[in-house]
Amino acid sequence: MITVLAGGTGSVKLVRGLASQRSDITVISNVGDNYWLYGMYVCPDIDTIIYGLAGILDESRGWGVKKDTNNFLRQMEVFGEETWFRVGDRDAATHLIRTNMLKNGKNLSDITTWMCEKFAIESKVIPITDNSVETRITSNDEDLHLQEYWVKHRGKGPIEGIQYIGADKSRPNPAAINAIQDSELVIIAPGNPLTSIGPMLGIKGVRKELSKNRKKVIAVSPIIGNKSFSGPAGQYMEAAGIQVSVFGLAQMYADVCSKLVIDSKDKAQIKQIEAMDLKVYDTKLKMQNKVSEEALASFILKQVKV
Ligand code: FO1
(Lines give C-alpha, C1' and ligand atoms only; values in the text may rest on other atoms or scores of the structure.)
Protein backbone atom coordinates (compact mmCIF):
# COMPACT_ATOMS: atom_id res chain seq x y z
CA MET A 1 0.00 0.00 0.00
CA ILE A 2 1.10 3.57 -0.71
CA THR A 3 -0.10 6.48 1.36
CA VAL A 4 -0.13 10.08 0.18
CA LEU A 5 -0.59 13.12 2.43
CA ALA A 6 -2.43 15.58 0.26
CA GLY A 7 -3.98 19.00 0.30
CA GLY A 8 -4.67 21.77 -2.16
CA THR A 9 -4.97 21.82 -5.88
CA GLY A 10 -1.33 20.76 -6.55
CA SER A 11 -1.62 17.41 -4.78
CA VAL A 12 -4.39 15.95 -6.91
CA LYS A 13 -2.19 15.70 -10.00
CA LEU A 14 0.36 13.49 -8.29
CA VAL A 15 -2.38 11.43 -6.61
CA ARG A 16 -3.97 10.83 -10.01
CA GLY A 17 -0.61 9.84 -11.51
CA LEU A 18 -0.06 7.33 -8.70
CA ALA A 19 -3.60 5.97 -8.91
CA SER A 20 -3.10 5.32 -12.64
CA GLN A 21 -0.31 2.91 -11.70
CA ARG A 22 -1.38 1.43 -8.40
CA SER A 23 -4.76 0.35 -7.09
CA ASP A 24 -3.67 0.44 -3.44
CA ILE A 25 -3.40 4.18 -2.87
CA THR A 26 -4.60 5.72 0.38
CA VAL A 27 -4.91 9.48 0.41
CA ILE A 28 -4.82 11.25 3.76
CA SER A 29 -6.47 14.62 3.28
CA ASN A 30 -6.01 17.97 4.95
CA VAL A 31 -9.11 19.39 6.65
CA GLY A 32 -7.70 22.78 7.71
CA ASP A 33 -9.44 24.68 4.92
CA ASN A 34 -12.87 23.15 5.51
CA TYR A 35 -15.42 25.93 5.58
CA TRP A 36 -19.01 26.41 6.77
CA LEU A 37 -21.00 28.12 4.04
CA TYR A 38 -24.76 28.78 4.30
CA GLY A 39 -24.90 25.97 6.88
CA MET A 40 -23.12 23.52 4.53
CA TYR A 41 -19.81 21.93 5.43
CA VAL A 42 -17.40 22.39 2.50
CA CYS A 43 -14.28 20.20 2.48
CA PRO A 44 -12.24 21.49 -0.47
CA ASP A 45 -9.24 19.17 -0.16
CA ILE A 46 -11.30 16.00 0.24
CA ASP A 47 -13.56 16.98 -2.65
CA THR A 48 -10.70 17.99 -4.96
CA ILE A 49 -9.13 14.55 -4.54
CA ILE A 50 -12.45 12.73 -5.00
CA TYR A 51 -13.45 14.80 -8.04
CA GLY A 52 -9.94 14.44 -9.48
CA LEU A 53 -9.96 10.66 -9.15
CA ALA A 54 -13.53 10.46 -10.43
CA GLY A 55 -12.57 12.46 -13.54
CA ILE A 56 -15.05 15.27 -12.87
CA LEU A 57 -12.71 17.94 -11.46
CA ASP A 58 -12.74 21.36 -13.11
CA GLU A 59 -9.13 21.21 -14.25
CA SER A 60 -8.82 24.85 -15.25
CA ARG A 61 -9.67 26.07 -11.74
CA GLY A 62 -8.32 23.07 -9.86
CA TRP A 63 -11.47 22.82 -7.70
CA GLY A 64 -15.19 22.21 -8.12
CA VAL A 65 -16.98 20.09 -10.70
CA LYS A 66 -16.32 20.66 -14.38
CA LYS A 67 -19.13 22.21 -16.41
CA ASP A 68 -21.08 22.79 -13.18
CA THR A 69 -24.00 25.23 -13.27
CA ASN A 70 -24.58 28.16 -10.89
CA ASN A 71 -28.32 28.27 -10.30
CA PHE A 72 -27.99 27.78 -6.55
CA LEU A 73 -25.52 30.67 -6.18
CA ARG A 74 -27.62 32.95 -8.38
CA GLN A 75 -30.59 32.35 -6.13
CA MET A 76 -28.45 33.01 -3.02
CA GLU A 77 -27.52 36.33 -4.62
CA VAL A 78 -31.22 37.11 -5.05
CA PHE A 79 -31.62 36.38 -1.34
CA GLY A 80 -28.93 38.98 -0.64
CA GLU A 81 -26.24 36.51 0.41
CA GLU A 82 -22.54 36.99 -0.28
CA THR A 83 -21.46 34.75 -3.15
CA TRP A 84 -17.67 35.17 -3.27
CA PHE A 85 -17.18 31.46 -2.57
CA ARG A 86 -18.23 29.92 -5.88
CA VAL A 87 -20.07 26.71 -5.14
CA GLY A 88 -21.61 25.13 -8.23
CA ASP A 89 -24.87 23.16 -8.20
CA ARG A 90 -23.42 19.64 -8.29
CA ASP A 91 -20.72 20.67 -5.81
CA ALA A 92 -23.39 22.03 -3.47
CA ALA A 93 -25.08 18.61 -3.47
CA THR A 94 -21.83 17.10 -2.14
CA HIS A 95 -21.67 19.64 0.72
CA LEU A 96 -25.35 19.32 1.50
CA ILE A 97 -25.43 15.54 1.77
CA ARG A 98 -22.23 15.56 3.83
CA THR A 99 -23.72 18.11 6.24
CA ASN A 100 -26.91 16.11 6.52
CA MET A 101 -24.97 12.94 7.30
CA LEU A 102 -22.93 14.81 9.94
CA LYS A 103 -26.18 15.99 11.51
CA ASN A 104 -27.36 12.37 11.55
CA GLY A 105 -24.35 11.40 13.64
CA LYS A 106 -21.93 10.07 11.00
CA ASN A 107 -18.32 11.17 11.23
CA LEU A 108 -16.34 12.79 8.42
CA SER A 109 -14.27 9.64 7.81
CA ASP A 110 -17.32 7.41 7.27
CA ILE A 111 -18.96 10.03 5.08
CA THR A 112 -15.80 10.33 2.97
CA THR A 113 -15.61 6.54 2.54
CA TRP A 114 -19.26 6.51 1.50
CA MET A 115 -18.59 9.38 -0.92
CA CYS A 116 -15.67 7.47 -2.50
CA GLU A 117 -18.01 4.52 -3.08
CA LYS A 118 -20.64 6.77 -4.66
CA PHE A 119 -18.04 8.23 -7.03
CA ALA A 120 -16.68 4.70 -7.71
CA ILE A 121 -13.16 5.53 -6.60
CA GLU A 122 -10.75 2.69 -6.06
CA SER A 123 -8.31 4.65 -3.86
CA LYS A 124 -9.14 5.29 -0.23
CA VAL A 125 -9.55 8.88 0.97
CA ILE A 126 -9.19 9.51 4.71
CA PRO A 127 -9.50 12.87 6.46
CA ILE A 128 -6.49 13.41 8.72
CA THR A 129 -8.82 13.86 11.69
CA ASP A 130 -12.53 13.87 12.47
CA ASN A 131 -11.97 16.78 14.85
CA SER A 132 -12.06 20.41 13.81
CA VAL A 133 -8.82 22.01 12.59
CA GLU A 134 -9.14 25.46 11.05
CA THR A 135 -6.37 27.33 9.28
CA ARG A 136 -6.63 31.01 10.13
CA ILE A 137 -4.63 33.87 8.71
CA THR A 138 -3.91 37.15 10.41
CA SER A 139 -3.84 39.94 7.85
CA ASN A 140 -3.93 43.67 8.59
CA ASP A 141 -4.56 42.69 12.23
CA GLU A 142 -7.70 40.84 11.18
CA ASP A 143 -8.23 37.17 12.03
CA LEU A 144 -9.56 35.44 8.90
CA HIS A 145 -10.48 31.92 7.87
CA LEU A 146 -8.11 30.75 5.12
CA GLN A 147 -10.96 30.87 2.58
CA GLU A 148 -11.79 34.46 3.58
CA TYR A 149 -8.16 35.50 3.23
CA TRP A 150 -7.49 33.58 0.02
CA VAL A 151 -10.81 33.74 -1.84
CA LYS A 152 -12.73 36.74 -0.42
CA HIS A 153 -9.69 39.03 -0.08
CA ARG A 154 -7.85 37.32 -3.00
CA GLY A 155 -4.78 36.75 -0.82
CA LYS A 156 -3.91 40.43 -1.18
CA GLY A 157 -3.18 41.58 2.38
CA PRO A 158 0.08 40.86 4.20
CA ILE A 159 0.23 37.50 6.00
CA GLU A 160 1.03 38.36 9.62
CA GLY A 161 0.33 34.97 11.15
CA ILE A 162 -0.87 31.44 10.39
CA GLN A 163 -2.63 29.34 13.01
CA TYR A 164 -4.10 25.86 12.97
CA ILE A 165 -6.93 26.29 15.45
CA GLY A 166 -7.83 23.01 17.15
CA ALA A 167 -4.79 21.08 15.85
CA ASP A 168 -3.26 20.77 19.32
CA LYS A 169 -6.42 19.11 20.66
CA SER A 170 -7.14 16.98 17.59
CA ARG A 171 -6.77 13.25 17.52
CA PRO A 172 -5.38 11.81 14.31
CA ASN A 173 -7.80 9.54 12.51
CA PRO A 174 -6.80 5.98 13.56
CA ALA A 175 -7.19 4.86 9.92
CA ALA A 176 -4.65 7.50 8.87
CA ILE A 177 -2.15 6.29 11.48
CA ASN A 178 -2.70 2.68 10.39
CA ALA A 179 -2.17 3.70 6.76
CA ILE A 180 1.17 5.35 7.63
CA GLN A 181 2.26 2.31 9.61
CA ASP A 182 1.16 -0.29 7.05
CA SER A 183 2.37 1.42 3.88
CA GLU A 184 5.58 0.54 2.13
CA LEU A 185 5.90 4.17 1.11
CA VAL A 186 4.42 7.43 2.40
CA ILE A 187 4.48 10.40 0.04
CA ILE A 188 4.03 14.02 1.10
CA ALA A 189 2.43 15.53 -2.01
CA PRO A 190 3.62 18.84 -3.48
CA GLY A 191 1.00 20.80 -1.54
CA ASN A 192 1.50 24.12 0.20
CA PRO A 193 3.70 23.25 3.22
CA LEU A 194 1.93 25.85 5.39
CA THR A 195 -1.73 25.66 4.42
CA SER A 196 -2.11 22.16 2.95
CA ILE A 197 0.46 19.94 4.67
CA GLY A 198 1.14 22.18 7.72
CA PRO A 199 -2.28 21.72 9.37
CA MET A 200 -1.79 17.93 9.27
CA LEU A 201 1.74 18.14 10.71
CA GLY A 202 0.32 20.51 13.35
CA ILE A 203 -1.51 17.53 14.87
CA LYS A 204 1.03 16.14 17.32
CA GLY A 205 0.22 12.47 16.79
CA VAL A 206 0.65 12.85 13.01
CA ARG A 207 4.06 14.52 13.15
CA LYS A 208 5.18 11.90 15.68
CA GLU A 209 4.01 8.98 13.54
CA LEU A 210 5.70 10.35 10.41
CA SER A 211 8.93 10.94 12.35
CA LYS A 212 8.81 7.36 13.61
CA ASN A 213 8.37 6.16 10.02
CA ARG A 214 10.70 8.78 8.54
CA LYS A 215 12.72 6.15 6.63
CA LYS A 216 9.84 5.38 4.27
CA VAL A 217 8.55 8.95 3.92
CA ILE A 218 9.37 10.91 0.75
CA ALA A 219 8.29 14.52 0.21
CA VAL A 220 7.76 16.13 -3.20
CA SER A 221 8.62 19.81 -3.47
CA PRO A 222 5.99 22.35 -4.51
CA ILE A 223 8.84 24.83 -5.00
CA ILE A 224 11.00 25.35 -8.08
CA GLY A 225 13.66 28.04 -7.78
CA ASN A 226 12.21 30.68 -5.48
CA LYS A 227 8.55 30.15 -6.42
CA SER A 228 5.83 27.55 -6.01
CA PHE A 229 4.87 25.91 -9.29
CA SER A 230 1.18 25.76 -8.40
CA GLY A 231 -0.57 27.94 -5.86
CA PRO A 232 0.73 30.42 -3.32
CA ALA A 233 3.16 28.26 -1.25
CA GLY A 234 6.01 30.73 -1.75
CA GLN A 235 3.97 33.63 -0.42
CA TYR A 236 3.11 31.73 2.79
CA MET A 237 6.67 30.45 3.31
CA GLU A 238 8.05 33.96 3.01
CA ALA A 239 5.50 35.24 5.50
CA ALA A 240 6.49 32.49 7.94
CA GLY A 241 10.13 33.57 7.66
CA ILE A 242 11.14 30.43 5.76
CA GLN A 243 13.49 30.67 2.80
CA VAL A 244 11.46 30.13 -0.39
CA SER A 245 13.60 27.36 -1.87
CA VAL A 246 13.87 23.59 -1.72
CA PHE A 247 16.41 24.13 1.05
CA GLY A 248 13.79 26.05 3.07
CA LEU A 249 11.31 23.25 2.41
CA ALA A 250 13.86 20.64 3.49
CA GLN A 251 14.29 22.48 6.79
CA MET A 252 10.52 22.28 7.36
CA TYR A 253 10.31 18.56 6.58
CA ALA A 254 13.68 17.14 7.72
CA ASP A 255 12.21 15.48 10.83
CA VAL A 256 9.29 13.81 9.03
CA CYS A 257 10.89 12.44 5.85
CA SER A 258 14.18 10.94 4.75
CA LYS A 259 13.85 11.63 1.02
CA LEU A 260 12.99 14.68 -1.02
CA VAL A 261 12.11 14.99 -4.71
CA ILE A 262 13.14 18.33 -6.19
CA ASP A 263 13.16 19.81 -9.67
CA SER A 264 16.34 19.36 -11.71
CA LYS A 265 16.59 23.16 -11.90
CA ASP A 266 17.40 23.11 -8.15
CA LYS A 267 20.23 20.58 -8.40
CA ALA A 268 22.70 23.10 -6.99
CA GLN A 269 21.06 22.75 -3.55
CA ILE A 270 21.41 18.96 -3.31
CA LYS A 271 24.60 18.95 -1.22
CA GLN A 272 23.21 21.45 1.24
CA ILE A 273 20.02 19.38 1.65
CA GLU A 274 21.81 16.05 1.92
CA ALA A 275 23.75 17.50 4.85
CA MET A 276 20.38 17.38 6.70
CA ASP A 277 20.30 13.60 6.36
CA LEU A 278 17.88 13.71 3.42
CA LYS A 279 18.37 11.74 0.21
CA VAL A 280 17.55 13.97 -2.75
CA TYR A 281 16.14 12.90 -6.14
CA ASP A 282 15.80 15.37 -8.98
CA THR A 283 13.46 15.28 -11.94
CA LYS A 284 10.95 17.45 -13.82
CA LEU A 285 8.30 18.42 -11.26
CA LYS A 286 5.76 20.42 -13.23
CA MET A 287 2.70 18.35 -14.08
CA GLN A 288 0.87 19.93 -17.00
CA ASN A 289 -0.98 16.89 -18.32
CA LYS A 290 -1.73 13.21 -17.75
CA VAL A 291 1.61 12.18 -19.23
CA SER A 292 3.65 14.34 -16.85
CA GLU A 293 1.49 13.33 -13.85
CA GLU A 294 2.19 9.67 -14.60
CA ALA A 295 5.87 10.36 -15.34
CA LEU A 296 6.43 11.97 -11.92
CA ALA A 297 4.49 9.18 -10.18
CA SER A 298 6.51 6.44 -11.87
CA PHE A 299 9.77 8.33 -11.22
CA ILE A 300 8.98 8.31 -7.49
CA LEU A 301 7.91 4.65 -7.47
CA LYS A 302 11.03 3.62 -9.41
CA GLN A 303 13.51 5.62 -7.34
CA VAL A 304 12.31 4.17 -4.09
CA LYS A 305 11.80 0.77 -5.74
CA VAL A 306 8.25 0.14 -4.65
N1 FO1 B 1 -11.15 28.92 -4.78
C2 FO1 B 1 -11.25 30.16 -5.28
O3 FO1 B 1 -10.25 30.79 -5.58
N4 FO1 B 1 -12.49 30.76 -5.45
C5 FO1 B 1 -13.65 30.12 -5.13
O6 FO1 B 1 -14.72 30.68 -5.28
C7 FO1 B 1 -13.55 28.77 -4.63
C8 FO1 B 1 -14.67 28.02 -4.34
C9 FO1 B 1 -14.52 26.68 -3.94
C10 FO1 B 1 -15.65 25.88 -3.74
C11 FO1 B 1 -15.51 24.56 -3.36
C12 FO1 B 1 -14.22 24.03 -3.20
O13 FO1 B 1 -14.09 22.74 -2.83
C14 FO1 B 1 -13.10 24.80 -3.39
C15 FO1 B 1 -13.22 26.12 -3.77
N16 FO1 B 1 -12.10 26.92 -4.00
C17 FO1 B 1 -12.26 28.21 -4.47
C18 FO1 B 1 -10.77 26.38 -3.79
C19 FO1 B 1 -10.27 26.56 -2.36
O20 FO1 B 1 -10.41 27.85 -1.91
C21 FO1 B 1 -8.76 26.32 -2.18
O22 FO1 B 1 -8.09 26.22 -3.37
C23 FO1 B 1 -8.51 25.14 -1.36
O24 FO1 B 1 -9.10 25.29 -0.10
C25 FO1 B 1 -7.00 24.93 -1.19
O26 FO1 B 1 -6.82 23.72 -0.73
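Refer to the structure presented above.
Residues numbered from 1 in each chain as written. Predicted model: local features only at pLDDT ≥ 70, side-chain atom pairs only at ≥ 80, totals over all residues. Heavy atoms only, no water.

Moving on: the sheet that holds strand β5 (residues 124-127). Reading across from one edge, β5-β2-β1-β9-β10-β13-β14 is the order of the 7 strands in this open sheet, with parallel pairing throughout. The open sheet has two free edges, formed respectively by β5 and β14 (279-283), since each of these has just one partner strand. Averaged over all neighbouring strand pairs, the angle between strand axes comes to 25°, with direction disregarded. Where strand β1 (residues 2-6) lies against strand β2 (residues 25-29), 5 bridges are found, and the strand directions are parallel. Residue pairing across strands places A6 opposite S29, the latter belonging to β2. (Pairing = 2+ DSSP bridges. Helix = DSSP H or I, 4+ residues; strand = E, 2+ residues; numbered from the N terminus. Axes fitted to C-alpha atoms, helices over the stretch in contact; angles between N-to-C directions.)

If you walk through the whole model with that rule in mind, you get 13 salt bridges. With a shortest N-O distance of 3.1 Å, R61 and D58 are connected by a salt bridge. The class for D58 is buried, based on a relative accessible area of 13%. Between R136 and D143 there is a salt bridge, with its nearest N and O atoms 3.1 Å apart. By relative accessible area, which is 16% here, R136 ends up buried. Residue D143 is classed as partly exposed on the basis of its relative accessible area of 44%. Several salt bridges converge on common partners, so that one network encompasses R16, E59 and E293. (Salt bridge = Lys/Arg side-chain N within 4 Å of Asp/Glu carboxyl O. Buried < 20%, exposed > 50% of the residue type's maximum accessible area, 1.4 Å probe, protein only.)

The 3 strands lie next to each other as β7-β6-β8, forming an open sheet whose pairing is antiparallel. Every interior strand has two partners, whereas the edge strands, β7 (142-145) and β8 (161-165), have only one. With direction set aside, neighbouring strand axes in the sheet form an average angle of 30°. Bridge count for strand β6 (residues 134-139) against β8 is 5 bridges, and the pairing is antiparallel.

All right, on to the nonpolar core then. Counting 87 residues, the largest nonpolar core has L14, I187, L210, Y253 and I300 as the members making the most contacts within it. If you tally residues by element for this core, the top one is helix α11 (residues 246-253), at 6 residues. Discounting residues that sit within four places of it in the chain, I300 has contacts with L14, L185, I187, I218, V220 and V261. In this structure, M40, V42, F85 and V87 belong to the second largest nonpolar core, which totals 7 residues. (Core = buried A, V, L, I, M, F, W, Y, C linked by side-chain atoms within 4.5 Å. Contact = heavy atoms within 4.5 Å.)

Further remarks concern the environment of G105. Relative to the helices and strands, G105 resides in the loop between α4 (89-103) and α5 (108-118). Given the relative accessible area of 63%, G105 is considered exposed. Residues G105 and W36, spaced 69 residues apart in sequence, show a C-alpha to C-alpha distance of 17 Å.

Our focus in this paragraph is unusual backbone geometry. Despite not being glycine, Y38 shows a phi value in the positive range, around 50°. Along the polypeptide, Y38 turns up in the loop between β3 (35-37) and β4 (40-42). Located in the positive-phi region is R154, a residue other than glycine, with phi close to 55°. In this structure, R154 sits in the loop between α6 (146-152) and β8. The class of R154 is exposed, set by a relative accessible area of 62%.

This part covers the packing of aromatic side chains. Evaluated as defined, the whole model comprises 8 aromatic pairs. Taken together, a centroid distance of 6.3 Å and an interplanar angle of 75° make the contact between Y149 and Y236 edge-to-face. Of this pair, Y149 sits in helix α6 while Y236 sits in helix α10 (residues 233-239); the two residues are 87 residues apart in sequence, bridging distant segments of the chain. Taken individually, Y149 and Y236 each receive the classification buried, so the pair is uniform in this respect. Through a chain of ring-to-ring contacts, the aromatic side chains of Y35, W84 and F85 assemble into a single cluster. Its guanidinium or amino end placed over the ring of W63, R61 lies 3.9 Å from that ring's centre, counting from NZ or CZ. (Phe/Tyr/Trp six-rings, centres within 6.5 Å; stacked < 30°, edge-to-face > 60°. Lys NZ or Arg CZ within 6 Å of the ring centre and 35° of its normal.)

Geometry only, nothing functional implied.
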